[in-house]
Amino acid sequence: MALIVFALTLAAAILARPVGVLAVSAGADEWLGGLDDGERFSYSFLHSIYQAPVEEELQREDDQMRTIRGSSPDIRAVEYFGWDTRIVRSSGVYVQEAPAADVPRLLIRVTAEGRQRLAAGRWTLELRARFGEALLDLRATHRPLASLVLAR
């Protein structure tokens, strides 16, 4: 009996441990993806003006997010970021490093034409398929491991 109590207590402690996540929500509808401190993820979409694919690479920094770089095969889509850093061409893609700035949240409007996706090493999230056309709130945060397990 003592062994069962010990095992249950241990399991509860493990499931209560906070882990890093990227929380993506549209009101009460929330999706969680595991994202450790320092781990990178990408946001890819079709630029609404230039109809060009764009990818933003971001990194989790504690409970903040930092854009690392943006890239696209269309230089205009990269110039649209408005950053003051140099744009370089590498393997047919224009790449620009982002200026250093941490943000606590990102807002993304999901559109029918946007082909918007978030991806990290452990997961991929097709935004329109999951949320429909919506305004999404992205936050790097911590949640109990149980929340992440139950979200899957």
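Okay, so let's go over this structure. (Residues numbered from 1 in each chain as written. Predicted model: local features only at pLDDT ≥ 70, side-chain atom pairs only at ≥ 80, totals over all residues. Heavy atoms only, no water.)

1. Description of the pairing of strand 5 (residues 64-72)
Where a strand is regular, its side chains alternate between the two sheet faces.
Turning to step 1, where the next piece is worked out: Direction of pairing for strand 4 (residues 53-61) relative to strand 5: antiparallel, over a ladder of seven bridges. When the bridges of strand 5 are listed, arginine 60 appears paired with methionine 65.
Turning to step 2, where the next piece is worked out: Between strand 4 and the antiparallel strand that follows it, strand 5, lie two residues; aspartate 62 among them carries a positive phi value of about 55°.
Turning to step 3, where the next piece is worked out: As paired elements, strand 5 and strand 8 (residues 102-103) share two bridges and run antiparallel to each other. Looking at strand 8, one finds that methionine 65 is bridged to valine 103. (Pairing = 2+ DSSP bridges. Helix = DSSP H or I, 4+ residues; strand = E, 2+ residues; numbered from the N terminus.)

2. Observations regarding the pattern of salt bridges
Turning to step 1, where the next piece is worked out: Overall, the coordinates contain 14 salt bridges when judged by the stated rule.
Turning to step 2, where the next piece is worked out: For aspartate 74, the salt bridge is made with arginine 76, and the minimal N-O distance between the two is 2.7 Å.
Turning to step 3, where the next piece is worked out: Exposure remark for arginine 76: the relative accessible area of 40% places this residue in the partly exposed category.
Turning to step 4, where the next piece is worked out: A salt bridge links aspartate 137 to arginine 105; the nearest nitrogen and oxygen atoms lie 3.2 Å apart. With aspartate 137 in strand 12 (residues 135-144) and arginine 105 in strand 9 (residues 105-109), this residue pair connects regions lying 32 residues apart in the sequence.
Turning to step 5, where the next piece is worked out: The class for aspartate 137 is buried, based on a relative accessible area of 14%.
Turning to step 6, where the next piece is worked out: Connected through shared salt-bridge partners, Arg40, Glu57, Arg69 and Glu97 make up one network. (Salt bridge = Lys/Arg side-chain N within 4 Å of Asp/Glu carboxyl O. Buried < 20%, exposed > 50% of the residue type's maximum accessible area, 1.4 Å probe, protein only.)

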